[in-house]
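Fold and geometry: a report
Read off the chains here:
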Amino acid sequence: MSKRIAFAIIEHGRATEWLTSCVLLVFAITLMVPGDTMGRAGFAPFRSMGFDEAMLSTPLALIASARLAALYINGQWRRSPVMRATGAVVGATVFTMLAVTFGWAWLTAGAVFQNAVALTTGFGTYLVLAAFDVLAAYRSGADVRIARPRA
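Residues numbered from 1 in each chain as written. Predicted model: local features only at pLDDT ≥ 70, side-chain atom pairs only at ≥ 80, totals over all residues. Heavy atoms only, no water.

Before going further, it helps to examine the overall build of the protein chain. Looking only at helices and strands, the protein chain features 6 helices and 0 strands. Overall, the protein chain shows an N-to-C arrangement of helices and strands of α-α-α-α-α-α. Across the 151 residues that make up the protein chain, the buried fraction comes to 37%. The contacts in the protein chain between residues at least 6 apart in sequence include a share of 67% that link residues at least 24 apart. Accessible surface, the protein chain as shown: approximately 9,100 Å² in total, 68% of it carbon and sulfur. (Helix = DSSP H or I, 4+ residues; strand = E, 2+ residues; numbered from the N terminus. Buried < 20%, exposed > 50% of the residue type's maximum accessible area, 1.4 Å probe, protein only. Contact = heavy atoms within 4.5 Å. Areas by Shrake-Rupley, 256 points an atom, 1.4 Å probe, with all protein chains shown as cover.)

Looking now at a nonpolar patch on the surface. Taken together, the side chains of I29, M32 and V33 make up a nonpolar region of the molecular surface, amounting to roughly 260 Å² of accessible area. Within the fold, V33 resides in the loop between α2 (15–32) and α3 (44–48). By relative accessible area, which is 44% here, V33 ends up partly exposed. (Patch = residues over 30% accessible without salt bridge, like charges linked within 9 Å, V, L, I, M, F, W, Y side chains within 5 Å. Salt bridge = Lys/Arg side-chain N within 4 Å of Asp/Glu carboxyl O.)

Turning to the pattern of salt bridges, a few remarks are in order. Under the definition given, this model contains 2 salt bridges. Two residues, E17 and R84, come together in a salt bridge whose shortest N-O distance is 2.9 Å. With E17 in helix α2 and R84 in helix α5 (residues 80–109), this pair connects stretches of sequence that are 67 residues apart. R84 shares its class with E17; the two are buried.

This part covers unusual backbone geometry. Residues other than glycine seldom take positive phi values, yet A111 does so here, at roughly 50 degrees. Within the secondary structure layout, A111 lies in the loop between α5 and α6 (121–147). According to the relative accessible area criterion, A111 is buried, its value standing at 17%.

Further remarks concern the layout of surface pockets. One water molecule sets the probe size; rolling that probe over the atoms shows where empty space is left. Here the largest pocket is characterised by a volume of approximately 220 Å³. F46, M49, F51, M55, L56, P59, L60, I63, V94, M97, L98 and T101 together form the lining of the largest pocket. Put simply, the parts of the chain that give the lining of the largest pocket at least two residues each are α4 (53–73) and α5. Residue contributions to the lining of the largest pocket peak at 5 residues, all from α4. (1 Å grid on protein atoms, 1.4 Å probe; cavity = no way out; pocket = protein on both sides within 12 Å on 5 of 7 lines; lining within 4 Å. Points joined across faces, edges and corners; volume = space filled by probe spheres on them.)

Printed below as a string of structure tokens:
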């Protein structure tokens, strides 16, 4: 990654935090819309673990809403970087769990060493979102130093 791109992502703004929070919220809302979203083949691992739409959508909507609130009040309250960092760590964990669940059949079949089970696009997509939430946690941690009162 070029230094200019890394600088833009890590040192400026909170666009990735807004993006990952909105993705979580849209994922939750999509599950809340009437219909059997989890009836699709890609959601089979979730169903095999006993999850339904409400069990996934409710906590994801709460996490996303809390993150969006923390981003909105950012700078207005001294503890907002800690809240943002916590949200980013939780987001990275959720996205990693989603990636692993969407890729579970492929991973357990032997991953790249087999060609009987296809990999879903959710696997890579959610891993990338998890990586950006890790960067957001790092960036929020750097903001904590700025928000601390000077002695």
